Amino acid sequence: MEFDTIAAISTPMGEGAIAIVRLSGEEAVEIASRIYKGKNLREVPSHTIHYGHIIDPDTKEVVEEVMVTVMRGPKTFTREDVIEINCHGGLVSVNRVLQLVITNGARLAEPGEFTKRAFLNGRIDLSQAEAVMDLIRAKTDRAMNVAIGQMEGRLSTLINRLRQELLETLAHIEVNIDYPEYDDVEEMTHRVLIEKATAVRDEINKLLDTSSQGKILREGLSTVIIGRPNVGKSSLLNSLVHENKAIVTDIPGTTRDVIEEYVNVKGVPLRLVDTAGIRETEDLVERIGVERSREVLKKADLILLVLNFSEDVTEEDERLFEAVIGMDMIVIINKTDLPQKINMERVKELAGNSPIVTTSLLEEKGVDDLENAISSLFFTGALEASDLTYVSNSRHIALLTQAKRTIEDAISGIESDLPIDMVQIDLTRTWELLGEIIGDAVHESLINQLFSQFCLGK
Ligand code: GDP
Ligand code: ZN
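Source: prediction; values computed, not measured. (Residues numbered from 1 in each chain as written. Chains lettered and ligands numbered in written order. Predicted model: local features only at pLDDT ≥ 70, side-chain atom pairs only at ≥ 80, totals over all residues.)

Undergrad: Looking at this model, I keep getting lost on the overall build of the protein. Mind explaining?
TA: Helices and strands together make up the secondary structure of the protein, namely 16 helices and 13 strands. When the 458 residues of the protein are sorted by exposure, 38% land in the buried category. Summarising the internal contacts of the protein: among those between residues at least 6 apart in sequence, 67% fall at separations of at least 24. (Helix = DSSP H or I, 4+ residues; strand = E, 2+ residues; numbered from the N terminus. Buried ≥ 20, exposed ≤ 12 C-beta atoms within 10 Å, placed from the backbone. Contact = placed C-beta atoms within 7 Å.)

Okay, structure coming up:
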């Protein structure tokens with residue numbers, strides 16, 4: 001495939017002091033040479049970096065001191081010739097370099113166009129491309145690891161294997177249909193068919209199981225603060241929001257009856273779910289009723305249960321403990337600046353295995369302990385298995401869910417002795433659906449829609 005040469009500012013992750021103008025395409029080296037003073041870039045070996053200056057060819061004015069990396073295709077991210085101009089100056093000079101690149105023959109890249117090229121040139125598959133997109137959006141380091149893992153192709157490898165198994169199964173069926181008299185071809189007995197189809201279904205289920213964890217990483221752990229009126233729930237919410245960088249979210253759906261604040265607590269993305277009830281009437285149960293509050297609680301990934309240090313545990317406290325039995329929870333005993341009235345032994349009994357943290361939100365004490373408790377709960381617990389393949393992309397989840405349905409149709413078809421070509425249809429459909437995850441058999445519009453979500457310069 002041949003494309004024109006594109007360029008964009010490709011600011012590295014973490015917003016370093018260096019900004020990069022990246023070019024990709026057949027003319028990349030030529031265009032860079034026109035505005036670069038130093039070694040002859042047309043003659044330098046590939047994958048080398050060179051010190052020099054960017055000059056305006058019209059005025060001969062020196063614009064910027066730079067390091068230029070020359071990388072010739074196909075061993076580049078896009079498989080095309082790639083030039084990276086590392087600028088040390090601020091945003092203004094980077095923009096000037098970009099302007100010069102464009103007036104000298106490059107076209108400004110569309111969002112995600114570099115990654116799109118990598119995909120179209122066969123460098124990466126669609127799930128890897130989406131992982132790049134997740135990486136750009138990654139809100140925490142942990143979420144980034146998931147994105148990188150995916151980019152390395154874990155998911156693709158697994159999906160490819162499943163598709164291969166389906167294909168082999170289909171081939172066997174085909175041979176049995178076409179050459180029923182052949183003895184040496186292993187007969188696709190029901191037993192073998194069911195075995196194969198069940199194995200595929202189990203793998204799909206396993207992937208779907210990880211999706212709730214994957215989702216957590218992307219959208220934040222749904223966290224609900226509960227406690228009697230006046231124990232300090234609002235104060236806790238405020239200090240968590242104010243002490244941590246609020247995460248700007250692109251997740252729609254905040255028109256619900258709950259207020260959501262996104263914060264990054266020591267690498268754990270939290271979606272602090274504050275029902276209007278918690279804020280206004282101070283009592284979730286009272287405001288939205290027992291049933292609704294159960295629902296909100298049930299959906300929570302983490303419960304922060306607040307108690308008052310200067311009052312003893314009440315029946316209402318005990319009811320709250322009962323309501324969240326079995327859930328991930330941290331017990332917070334607040335107002336330690338006041339005289340102790342709480343019975344710690346009783347709290348320990350009620351808390352069971354859940355961590356207990358003491359705070360004085362008034363004196364801003366203990367919040368760090370709480371944050372550490374949150375972080376260790378999730379990084380030493382459920383999410384620690386970093387060798388898992390996480391599925392965190394809602395499109396992937398939707399496709400896997402469909403694939404699960406079609407493979408289950410196939411299985412029940414086999415079990416109820418449906419004609420084999422009916423089973424074939426379901427197996428083929430499963431194969432196609434899995435293919436869509438890695439970008440096989442997707443149509444153009446989907447590709448465009450996906451890539452337009454990318455940030456500029458990637
Ligand atoms: P909520 O009803 O559970 O949301 O509790 P609030 O956060 O609204 O706090 C109730 C009252 O307790 C407010 O007057 C807070 O200033 C006060 N408060 C919160 N945390 C502490 C604390 O650690 N010590 C003391 N002495 N007062 C606190
Ligand atoms: Zn409150």
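Undergrad: Please explain the pairing of strand β2 (residues 19–24) as it appears in this structure.
TA: When a strand is regular, its side chains alternate between the sheet's two faces. The buried fraction of β2 amounts to six of the six residues, a majority that puts the element mostly inside the structure. Here β2 shows no split at all, with Ala-19, Val-21 and Leu-23 on one side and Ile-20, Arg-22 and Ser-24 on the other all buried. Across four bridges, the pairing between strand β1 (residues 6–9) and β2 is antiparallel. Note on β2: the bridge partner recorded for Ile-6 is Ser-24. (Pairing = 2+ DSSP bridges.)

Undergrad: How should the site of ligand 1 be read in this particular structure?
TA: As a matter of local geometry, ligand 1 sits amid 16 residues, with Gly-232, Lys-233, Ser-234, Ser-235 and Leu-362 nearest to it. At three residues, helix α8 (residues 233–243) tops the list of elements feeding residues into the shell around ligand 1. (Near = placed C-beta within 6 Å.)

Undergrad: It is not clear to me how the confidence of the model for the protein should be interpreted in this structure. Could you clarify?
TA: Detailed reading of the predicted model is not advised wherever pLDDT is low. Looking at the protein as a whole, its pLDDT mean stands at 78, while 70% of the residues score no less than 70. Across residues 245–258 the pLDDT falls below 50, and counting only partners more than four positions away or on other chains, this stretch makes 19 contacts in the model. Note that residues 381–388 has pLDDT below 50 and, in this model, seven contacts with residues that lie over four places away or in other chains. Model confidence for the complex: the whole-complex pTM is 0.51, and ipTM, which rates the interface, is 0.98. (pLDDT = per-residue confidence, 0-100.)

Undergrad: Would you mind going over the pairing of strand β5 (residues 62–71) with me for this structure?
TA: The pairing of strand β4 (residues 48–55) with β5 spans eight bridges and is classified as antiparallel. Bridge assignment links Ile-54 to a residue of β5, and that residue is Glu-64. In this structure, the hairpin formed by β4 and β5 is closed by a connection of six residues, where Lys-60 is found at a positive phi of approximately 65 degrees. Here β5 pairs with strand β6 (residues 82–87) via six bridges, running antiparallel. Residue pairing for β6: Val-70 is matched across the bridge by Ile-83.

Undergrad: Can you help me understand the environment of Leu-302 in this one?
TA: Position of Leu-302 relative to the elements: it lies in strand β11 (residues 302–308). The exposure class assigned to Leu-302 is buried, which follows from the 22 C-beta atoms found within 10 Å. Residues Leu-302 and Leu-272, spaced 30 residues apart in sequence, show a C-alpha to C-alpha distance of 9.4 Å. The contact partners of Leu-302, leaving out residues within four places of it in the chain, are Leu-221, Thr-223 and Asp-328.

Undergrad: Explain the nonpolar core here, please?
TA: Burial of nonpolar side chains together is a common tendency in soluble globular proteins. One finds Ala-32, Ile-85 and Val-101 to be the most contacted residues of the largest nonpolar core, which totals 61 residues. Looking at this core element by element, the count peaks at seven residues for helix α14 (residues 394–415). Looking at which domains feed residues into this core, each of domain 1 (6–125) and domain 2 (150–215 + 393–439) gives three or more. (Core = buried A, V, L, I, M, F, W, Y, C linked by C-beta atoms within 7 Å. Domains from an automatic or database assignment.)

Undergrad: I would appreciate a short explanation of helix α1 (residues 28–35) in the present structure.
TA: Two residues of an α-helix separated by three or four positions point the same way, owing to the 3.6 residues in each turn. Among the eight residues in α1, six count as buried, and that is most of the element. For α1, the set of buried residues is Ala-28, Val-29, Ile-31, Ala-32, Ser-33 and Ile-35.

Undergrad: Is there a simple way to explain helix α3 (residues 113–120) in this structure?
TA: When you tally the buried positions in α3, you get seven out of eight residues, the bulk of the element. For α3, the complete set of buried residues consists of Glu-113, Phe-114, Thr-115, Lys-116, Arg-117, Ala-118 and Phe-119. Phi turns positive one or two residues past the end of α3, at Gly-122, with a value near 80 degrees.

Undergrad: Hey, could you run me through the sheet that holds β1 in this one?
TA: Pairing between the strands of a sheet comes from backbone hydrogen bonds, and it takes one of two forms, parallel or antiparallel. The strand order β3-β4-β5-β6-β2-β1-β7 describes an open sheet built from seven strands, whose pairing is mixed. The open sheet has two free edges, formed respectively by β3 (36–37) and β7 (107–108), since each of these has just one partner strand. With two bridges joining them, β1 and β7 adopt parallel strand pairing. Paired with Ile-6 across the strands is Arg-107, a residue of β7. Packed on one face of the sheet, α1 meets β2, β3, β4, β5 and β6 and runs near 35 degrees to β6. (Axes fitted to C-alpha atoms, helices over the stretch in contact; angles between N-to-C directions.)

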